[in-house]
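The residues making up each chain are set out below.
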Amino acid sequence: MAEYEVTIGLETHIQLNTITKAFCSCKADSWGDAPNTNICPVCSGLPGALPAANKAMVEKALILCLAMNADINMTSFFDRKNYLYADLPAGYQITQNDKPIGIGGYLDFQMDDGRPVRVRIDNLHMEEDAGKTRNEGDIRLIDMNRCGVPLVEMVTQPDMHSADEAATYLIKLRQLLRWLGISEANMEKAHLRCDANVSIRPKGQVKLGKKCEIKNINSIEAVRTAINYEIQRQIKEVEAGNEIEQWTIEWDNDALELRKMRSKETAADYRYFREPNLMPVVISEEFLQSVKEGMPELPLARQKRFETELGLPAYDASILTADRETSEFFEEAAKVYGEDNKRVSNWMMNEVLRIVNEKGIGVAELKITPSNLADIIRLVDKKTINTTTGKTLVDKVNDSGKDPAALVKELGLGLVSDDSIIREVCEKIVANSPKEKALYLGGKETLIGWFVGQVMREMRGKADPELAKTILESVLKAGEGN
Ligand code: ZN
Ligand code: MN
């Protein structure tokens, strides 16, 4: 069997989290609302209704362009893309065609094994969403709530070469969108949708093979599965001596199968022309500057800084920058703690993120604060509490929102570091364990661990184990020669 190279380009539709729609003042996020309750003459395409562009949409699109390192068109235009479909009441979609807001750019990211990938972007354009159709028996129902919802469509170059790279690109894009706060990027709620252009060619061939476009891929897992199915289908066709035809294919995630929809349309089919009812989008230097100033440090840059400046292992840096809130919580805790960032990273990953996972919440919803976490690690360092108590204290602080030191006092969690109390217990244990004592004195020094365990049990874990060990040694040896 010949070896094939796979080439994948992705078109993503990103729903911007504006309050109102792209060209009217209807509510943009109508998830779960009754059909056709968030519509007006503009978004339901009534003749004569006049659209007006939403500034928040332009601002969020601009933020994305900057994050993707795209060139900004300081003047861009809206166009009409004409086609007839039940979910498009106006008969055209307002989009940007030949002069979109962003051109070029790229997204850099790392695969799980650390391998760097750069996916170049062809362009980013603003457009409105269409509605939804649903069949009920013989009846076709139309919901126009989603008509006019602001989207950015982002088209990549054919720079990905496996389903895994395509899936990772989407994971990183989703992370970036949430990080920037411009989209909820929830694929299940269609905030982030993806079509994949897939082609194969024999290894070494320069010319790209004919591509097929897979539509309707609505989860990361589906991206992996659908692309892999399509690669296999194309290989089979080629191996059977058939030509690949340029198809548009629909992914059915329930049946796990690809279905041919139509032969792929070309741009000429849409008869694009300028939207006559909208002004050009003109971005001023001042506006661009203010948006630039508001940009956060981006995920990959922060991940690398956590490694180089804070000295974290690559694994930690990647986990701690999975989302912006986690990275900010960690960095603040590390700053308050002031030394040994790796120690804070361990506590963060093992305890704080454990609670986040157990409760299925975000870091932003935690009651425990970064300085609470730093305080808890300090309490362990100072031996006010032991590590096990420290771990449960993270939960207790998060449940109550109380100060760690105050909770230690209130619940009596502190370690006993009073020599005389520990000595009393040690003497009692040694007196009650003549056999172990003899063995220990006979040279089996590892038994000291057993003795420490007995003391810890007697004191319900609240003895300072180091101190208990020292006292035990002196008590045991004091008896030597008797
Ligand atoms: Zn409307
Ligand atoms: Mn589109």
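Since the model is a prediction, treat every value here as computed from it, not as a measurement.

Visitor: Just give me the short version of the domain arrangement of the protein chain, but keep the residues and values in it.
Guide: Segmentation of the protein chain into domains returns domain 1 (4–289), domain 2 (297–411) and domain 3 (419–478). Once you take the C-alpha centre of each, domain 1 and domain 2 turn out to be 37 Å apart. Taken together, the eight residues of domain 1 in the interface contact twelve residues of domain 2. The contact between domain 1 and domain 2 buries some 830 Å² in all, and 63% of this surface belongs to carbon and sulfur atoms. Of all residues in domain 1, Gln110, Gln175 and Trp179 bury the most surface against domain 2, accounting for 74% of the area lost on that side. Run the count over domain 1 and domain 2 and you get five residue pairs in polar contact (both at pLDDT 80 or more). Elements that contribute at least two residues to the side of domain 1 that touches domain 2 include exactly β7 (106–110) and α2 (163–180). Among the elements that take part in the side of domain 1 that touches domain 2, α2 stands out by supplying four residues, more than any other. Here the residues of the side of domain 1 that touches domain 2 are counted per class, giving five nonpolar, two polar and one charged.

Visitor: A description of the coordination of the zinc ion (ligand 1) should follow, citing residues and the corresponding values.
Guide: For the zinc ion (ligand 1), the full set of protein donor atoms is Cys24 (SG), Cys26 (SG), Cys40 (SG) and Cys43 (SG), at a range of 2.2 to 2.4 Å. In this structure, the zinc ion (ligand 1) is coordinated by four donor atoms arranged in tetrahedral fashion, with angles at the metal of 101 to 114°. All donors of the zinc ion (ligand 1) belong to a single chain; written as a sequence motif, their spacing is C-x1-C-x13-C-x2-C. One end of the pair, Cys24, is in the loop between β1 (4–15) and α1 (55–67); the other, Cys43, is in the loop between β1 and α1, with 19 residues separating them in the sequence. Relative accessible area serves as the criterion here: at 12%, Cys24 is assigned to the buried category.

Visitor: Just give me the short version of the coordination of the manganese ion (ligand 2), but keep the residues and values in it.
Guide: In the first shell of the manganese ion (ligand 2), the protein supplies His13 (NE2), Glu127 (OE) and Glu153 (OE), at 2.1 to 2.2 Å from the metal. Along the chain, the residues donating to the manganese ion (ligand 2) are arranged with the sequence spacing H-x113-E-x25-E. Pair noted here: His13 is in strand β1 and Glu153 is in strand β11 (residues 150–156), with a separation of 140 residues, a long-range link. Like His13, the residue Glu153 is buried in the burial classification.

Cut-offs and rules
- Residues numbered from 1 in each chain as written.
- Chains lettered and ligands numbered in written order.
- Predicted model: local features only at pLDDT ≥ 70, side-chain atom pairs only at ≥ 80, totals over all residues.
- Heavy atoms only, no water.
- Domains from an automatic or database assignment.
- Contact = heavy atoms within 4.5 Å.
- Buried area = accessible area lost by both parts, 1.4 Å probe.
- Polar contact = N/O pair within 3.5 Å; in protein donor to acceptor, adjacent residues only side chain to side chain.
- Helix = DSSP H or I, 4+ residues; strand = E, 2+ residues; numbered from the N terminus.
- Nonpolar A, V, L, I, M, F, W, Y, C, P; charged D, E, K, R; others polar.
- Donors = N, O, S within 2.8 Å, 3.2 Å for Na, K, Ca; no water.
- Tetrahedral: all angles 85-135°; square planar, octahedral: opposite > 155°, others 65-115°.
- Buried < 20%, exposed > 50% of the residue type's maximum accessible area, 1.4 Å probe, protein only.

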